[in-house]
Amino acid sequence: SFQVMSPTKALSLLLAIALPCQAVVIYNGDVGVQYLGRSGQIKLFPRSDNSTKFVKIKWDKIEELNAQGRKVQFVNNFASQDFEWFGPYSSQLGGNNATRVDLRAFLSVGGNTVGFNISTWLINNDTVVHNGNQTLNVTRNSIKFTVDIQDWPFQNTANVLTFGAKLLVPGNPGRPQRNRTRGGEKVRFGTGDLIVVDQAVVDGENRNISSSVEEQGAQLLVEWTFPSFQNTLNYDPSFSLNGNEADGGGEGGDGGDSGDNTDDTGVIVGSVFGVLAAVAIIGVVVYYYCRARKRAQQDRGNEFQAGLVA
């Protein structure tokens, strides 16, 4: 017999389909993090102001280079890669409470599938974490990353893998300031700080890596170079806000509301286009639900009439 899906089940199905495509904003302590849809881009900002003080991270490229520095394999359109996000959920980092979100993708490289995962932890207390056998300090109001790459099909064990990201900050940040820290280098760029860790965990062992930082207007181009690996690569950078004020105003097109002013950790899932699409789909679901219910009532009436005739 014909069964009608209830509005509650229909709405649950709709949200399960629609929510993974939306932006997610998480507030924890004094800061918020916005995960920008399925792009993998991340924006860290204070609760009080997300338009004139922030740091935005865009994943730029991932390439295999040979000994001569020539590109031999790469991921097409990595900057526009379509990520799936999982979370947010409560987690622990260095013995402190943290809010975690994972961004995952399966990359096509030379006919092979490469697993790519970025785990992010939002913390509001200073903490100490471990990168393999290396100890790192992570300051409060930071977002800590773990980049995991699995089964990259290196053409030669002498080749290296380069991974690039862009940091965007508001205003005119000027030249980046660089200082050594335990386990790496701190790069201060306008309102954002980046901790460039100098080791990665390659096939379970700590290996030294190299990195470069290049200023390009209000963007900081960061590139890490990793040795080849058979199975897995794990790398642990972190980003945070500092006390600097933006010089020259906010980044064009990146303004917005100042965010939530409550004290509770919260999650907001929102998108104008997503909401409009959801409203339209809900309208269609309700229409067909009412139509199907009317049809079911008519069928029951016909069966009742048939029983009377018999």
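Residues numbered from 1 in each chain as written. Predicted model: local features only at pLDDT ≥ 70, side-chain atom pairs only at ≥ 80, totals over all residues. Heavy atoms only, no water.

Asks: Lay out the pattern of salt bridges with the relevant residues and their values.
Replies: Tallied over the entire structure, the rule returns eight salt bridges. Here Asp60 and Lys166 are joined by a salt bridge, their closest N and O atoms 4.0 Å apart. Remark: Lys166 occurs in strand 12 (residues 160-168) and Asp60 occurs in strand 4 (residues 55-65); sequence separation between them is 106 residues. For Asp60, a relative accessible area of 25% gives the class partly exposed. Here Asp193 ties to Arg188 by a salt bridge, and the two come within 2.7 Å at their closest N and O atoms. Through salt bridges with shared partners, a single ionic network connects Arg100, Asp102 and Arg104. (Salt bridge = Lys/Arg side-chain N within 4 Å of Asp/Glu carboxyl O. Helix = DSSP H or I, 4+ residues; strand = E, 2+ residues; numbered from the N terminus. Buried < 20%, exposed > 50% of the residue type's maximum accessible area, 1.4 Å probe, protein only.)

Asks: For the nonpolar core, give the residues involved together with the corresponding values.
Replies: Trp59 and Phe116 are the most contacted members of the largest nonpolar core, which has 61 residues in total. Filtering out sequence-adjacent residues up to four positions away, Phe116 remains in contact with Ile62, Phe78, Phe83, Leu103, Arg104, Ala105, Leu107, Val147, Asp148, Ile149 and Phe163. (Core = buried A, V, L, I, M, F, W, Y, C linked by side-chain atoms within 4.5 Å. Contact = heavy atoms within 4.5 Å.)

Asks: Requested: an account of the pairing of strand 2 (residues 31-36), with residues and values cited.
Replies: In terms of burial, strand 2 is a largely internal element, five of the six residues being buried. Looking at chain direction, strand 1 (residues 23-28) and strand 2 are connected through five bridges and run antiparallel. Bridge assignment links Tyr27 to a residue of strand 2, and that residue is Gly32. One ladder, built from six bridges, connects strand 2 with strand 3 (residues 41-46); its direction is antiparallel. Looking at the pairing, Tyr35 lines up with Ile42 of strand 3. Linking strand 2 to strand 3, which pair antiparallel, is a turn of four residues; within it Gly37 sits at a positive phi near 60°. (Pairing = 2+ DSSP bridges.)

Asks: Which residues make up unusual backbone geometry, and what values do they have?
Replies: With an omega dihedral of 5°, the bond running from Gly87 to Pro88 counts as a cis peptide bond. By the element assignment, Pro88 lies in strand 6 (residues 84-93). Phi at Asn77 is positive, roughly 50°, even though this residue is not glycine. Inspection of the secondary structure puts Asn77 in the loop between strand 5 (71-74) and strand 6.

Purely geometric stuff here, so don't read any function into it on its own.
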